[in-house]
Protein chains: 2
Amino acid sequence: MTLEIPEVVINRLPVYARALAALAMDGETVVSSQTLGERLDVTPAQIRKDLSYFGRFGKQGRGYNVLGLLAKLREILGLDRKWRVALVGVGRLGQAIAEYGGFEPQGFQIVAVFDSDPAAIGTTVKDVVVRDSADLDTFLRQNPVDIGVVAVPGHAAQQVVDRLVSAGIRAILNYAPMTPHVPAEVAVRNIDPVLAMQSMTFYIKRQDPMGAK
Amino acid sequence: MTLEIPEVVINRLPVYARALAALAMDGETVVSSQTLGERLDVTPAQIRKDLSYFGRFGKQGRGYNVLGLLAKLREILGLDRKWRVALVGVGRLGQAIAEYGGFEPQGFQIVAVFDSDPAAIGTTVKDVVVRDSADLDTFLRQNPVDIGVVAVPGHAAQQVVDRLVSAGIRAILNYAPMTPHVPAEVAVRNIDPVLAMQSMTFYIKRQDPMGAK
DNA sequence: TCCCTGTTGTTACGGATTTCACAACCGTAG
DNA sequence: CTACGGTTGTGAAATCCGTAACAACAGGGA
Ligand SMILES: NC(=O)c1ccc[n+]([C@@H]2O[C@H](COP(=O)([O-])OP(=O)(O)OC[C@H]3O[C@@H](n4cnc5c(N)ncnc54)[C@H](O)[C@@H]3O)[C@@H](O)[C@H]2O)c1
Ligand SMILES: NC(=O)c1ccc[n+]([C@@H]2O[C@H](COP(=O)([O-])OP(=O)(O)OC[C@H]3O[C@@H](n4cnc5c(N)ncnc54)[C@H](O)[C@@H]3O)[C@@H](O)[C@H]2O)c1
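**A closer look at the site of ligand 2**
As a structural note, the neighbourhood of ligand 2 is formed by 23 residues, with Tyr-100 of chain A together with Gly-91, Leu-93, Asp-115 and Val-152 of chain B the closest of them. Positioned at a junction of chains, ligand 2 has nearby residues supplied by chains A and B. Here an oxygen atom of ligand 2 and a backbone polar atom of Val-152 of chain B are 2.8 Å apart. Protein burial of ligand 2: of its 830 Å² of free accessible surface, 80% is covered by the chains. The set of elements that each furnish at least two residues to the shell around ligand 2 consists of helix 5 (92–99) and helix 7 (154–166) of chain B.

**Digging into helix 8 (residues 193–204) of chain B**
Residue and element names in this part refer to chain B. A rise of 1.5 Å per residue sets the reference length of helix 8, with its 12 residues, at 16 Å; its end C-alpha atoms lie 17 Å apart and thus fit the reference within 8%. With 11 of 12 residues buried, helix 8 is to be regarded as a mostly interior element. In this structure Asp-192 caps helix 8, since a side-chain oxygen of it lies 2.9 Å from the backbone nitrogen of Val-194.

**Remarks on the domain arrangement of chain A**
Split into domains, chain A comes out as domain 1 (7–76) and domain 2 (83–195). Taken over C-alpha atoms, the centre of domain 1 of chain A sits 31 Å from the centre of domain 2 of chain A.

**What to know about helix 7 of chain B**
Residues and elements named next belong to chain B. Counted at 1.5 Å a residue, the expected span for helix 7 with its 13 residues is 18 Å, and the 19 Å between its end C-alpha atoms agrees. Of the positions making up helix 7, those classed as buried are Ala-156, Ala-157, Val-160, Val-161 and Leu-164. Looking straight down helix 7, one finds its buried side chains confined to an arc of 145°; they lie on one side. Buried residues in helix 7 make contact with strand 4 (83–88), helix 6 (136–142), strand 8 (147–150) and strand 9 (171–174). Positive phi shows up at Gly-168, right after helix 7, with a value of about 105°.

Scoring rules and cut-offs
Residues numbered from 1 in each chain as written. Chains lettered and ligands numbered in written order. Predicted model: local features only at pLDDT ≥ 70, side-chain atom pairs only at ≥ 80, totals over all residues. Heavy atoms only, no water. Near = heavy atom within 4 Å. Polar contact = N/O pair within 3.5 Å; in protein donor to acceptor, adjacent residues only side chain to side chain. Areas by Shrake-Rupley, 256 points an atom, 1.4 Å probe, with all protein chains shown as cover. Helix = DSSP H or I, 4+ residues; strand = E, 2+ residues; numbered from the N terminus. Expected span 1.5 Å × (residues − 1). Buried < 20%, exposed > 50% of the residue type's maximum accessible area, 1.4 Å probe, protein only. Domains from an automatic or database assignment. Arc of directions from axis to C-beta. Contact = heavy atoms within 4.5 Å.

This is the structure:
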């Protein structure tokens, strides 16, 4: 009965939410799809259509109540609660992730950290002790975690993913440069700056660097 | 004249290239769209269709020559040369990016680094001296750079983007949590782990954490 | 040589997504 | 009370994209 919502739509909602939060900080109380769209480089129709999958949140002639719509989006996305995150791999990137201050305010709490390196195990990052990744399954079965973050080298990533999945995790944020294989019911997002650059080069490859003469 | 290639296709090519490089490392010399697709969770038809935008690279009955196709993809994407990258913002994230060893082997060379903090200016990261971001325009006009990486706080990001664009940069990798506004001819990719998590939560929100009882 | 297996390149189809366009509506001002 | 400018929500149209299907063909074996 719940109409199937396209994934592209779901992926845009957090962007809307982020913009609404920024508008709220600026003291704006209402916003039209037009104005929001300009800010996000999205057509007003796109925004209205996306929102219409979930209900009618606007007021004709006025627009949307900024805080009201933000609250609705947070509810839709499930951001109106805390999420427990486990981080696997505490190398350079893993440490940076653990120390990044941007997750906590959004309700993502790193509650456990794992590594396989004996030199790393037992140390602490951000008040969290680094556990042996051999204990991953055991720990996760006793301590519910919602999201797994994979920050290990590519050659170890699938193994880590498999372990997270078999322990019952339903969402994985993968930083390793590979395509994780997971069952359909597990959500995966990949972050790879190299891939991002490699697609941009296609569009600029005919051009001399910065139009140098 | 050149048939318009969908951006989704371009975005997949680096993924194919990455997989081919991995196959080559494993000593594989040929691969079918079927096999490649299984590895990447992409249908074989998708792969063949994507490649057909650019030519005929396979051999019926056999598949694709791994190294041959990889070379073709690298040529198509413009990866058969070095790219000069400028990094703006040398905070925690910026330093991690500068020290990350994954860019260089792919031909992305960080040739300049900028920050606005007097305490950071003059220090070096990875053998590159940190320059005053006030000198961004001057420097870029004299030293051709292809790609700008933005790793400054959100409130400063649009200003940095504007400066990069006005200096003639055609590609930007943005790590700040905002949507940069750029002219149509500038390529932009955004990296935001928080947004990635916030879209995954939609799919797992009805579920108790890890099926805890 | 001929046949069989395996796999490509491509066209046609259908589904998904975006855009269009407008009736309905809100709040305000006259 | 009516008219008006502004904006939503939404079907219908247009566009974009992915999938299916198959003719064509390469290589190998009988
Ligand atoms: N550093 C970056 O900026 C960056 C950016 C994008 C992607 N990445 C990717 O993220 C991953 C990590 O990068 P890094 O620079 O932190 O590497 P790193 O070598 O510094 O850290 C990897 C960590 O993973 C641990 N590890 C290895 N195998 C493990 C296993 N089976 N279980 C648990 N832990 C294990 C290692 O002990 C190490 O601590 C790599 O795949 C890299 O390509 C890094
Ligand atoms: N650290 C992470 O893991 C991470 C992950 C994802 C996104 N981000 C985002 O990346 C950005 C940087 O994060 P961070 O943790 O490194 O922050 P940070 O505060 O440690 O570093 C920001 C740096 O930018 C510099 N800066 C500020 N304004 C500038 C300007 N106008 N020109 C040049 N330099 C300027 C500051 O001096 C500082 O060195 C933020 O927008 C953050 O939200 C960070």
